[in-house]
Amino acid sequence: MEIIPDITGFYLDEALQICKDSGYQVSIVFTRPDKPSPEGKPRVVRFHKVSLYRGVITVVLEEGMKGGG
């Protein structure tokens, strides 16, 4: 039984290692915010399986200093 990697929320380097260990080849798509020069670590927001052991990872650059109140 094939296992699809559950990598949503992981940093890109960790996600790539999980995919490699699972036997998946992946392409990476970065989404860009309105900011001209986003900063932050790349984080996976989506994994889309396109064929047997091939997938596309969608990544965003997380913003620091955001959140809770």
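Before reading on, note that the structure itself is shown above.
Treat the numbers as computed from the prediction; the structure is a model and nothing was measured.

Peer 1: Looking at this structure, I do not really get unusual backbone geometry. What am I missing?
Peer 2: Note: most peptide bonds trans; most residues except glycine with negative phi. Even without being a glycine, Y53 presents a positive backbone phi close to 60°. Secondary-structure assignment places Y53 in the loop between β2 (42-51) and β3 (54-61). By relative accessible area, Y53 is classed as partly exposed at 34%.

Peer 1: Any chance you could explain the pairing of β3 here in plain terms?
Peer 2: As paired elements, strand β1 (residues 25-30) and β3 share six bridges and run parallel to each other. From the neighbouring strand, V26 faces β3, where its bridge partner is G55. Inspection of the sheet shows β2 paired to β3 by eight bridges, in the antiparallel sense. The partner of H48 across the bridge, within β3, is V56.

Peer 1: Would you take a moment to explain the environment of T31 for this structure?
Peer 2: Secondary-structure assignment places T31 in the loop between β1 and β2. The exposure class of T31 is partly exposed, given its relative accessible area of 34%. In this structure, the C-alpha to C-alpha distance between T31 and V59, residues 28 residues apart in sequence, is 6.2 Å. Setting aside chain neighbours within four positions, we find T31 in contact with T58, V59 and V60.

Peer 1: Sorry if this is basic, but what is going on with the pattern of salt bridges here?
Peer 2: When charged atoms on two side chains of opposite charge get close, those side chains can pair. As enumerated under the stated definition, the model contains one salt bridge in all. A salt bridge links E62 to R43, with the nearest nitrogen and oxygen atoms 2.9 Å apart. Pair noted here: E62 is in the segment after β3 and R43 is in strand β2, with a separation of 19 residues, a long-range link. Judged by relative accessible area, which is 24%, R43 ranks as partly exposed.

How each quantity is defined
Residues numbered from 1 in each chain as written. Predicted model: local features only at pLDDT ≥ 70, side-chain atom pairs only at ≥ 80, totals over all residues. Heavy atoms only, no water. Helix = DSSP H or I, 4+ residues; strand = E, 2+ residues; numbered from the N terminus. Buried < 20%, exposed > 50% of the residue type's maximum accessible area, 1.4 Å probe, protein only. Pairing = 2+ DSSP bridges. Contact = heavy atoms within 4.5 Å. Salt bridge = Lys/Arg side-chain N within 4 Å of Asp/Glu carboxyl O.

Note that every value here comes from positions in space, so none of it alone points to a role or purpose.
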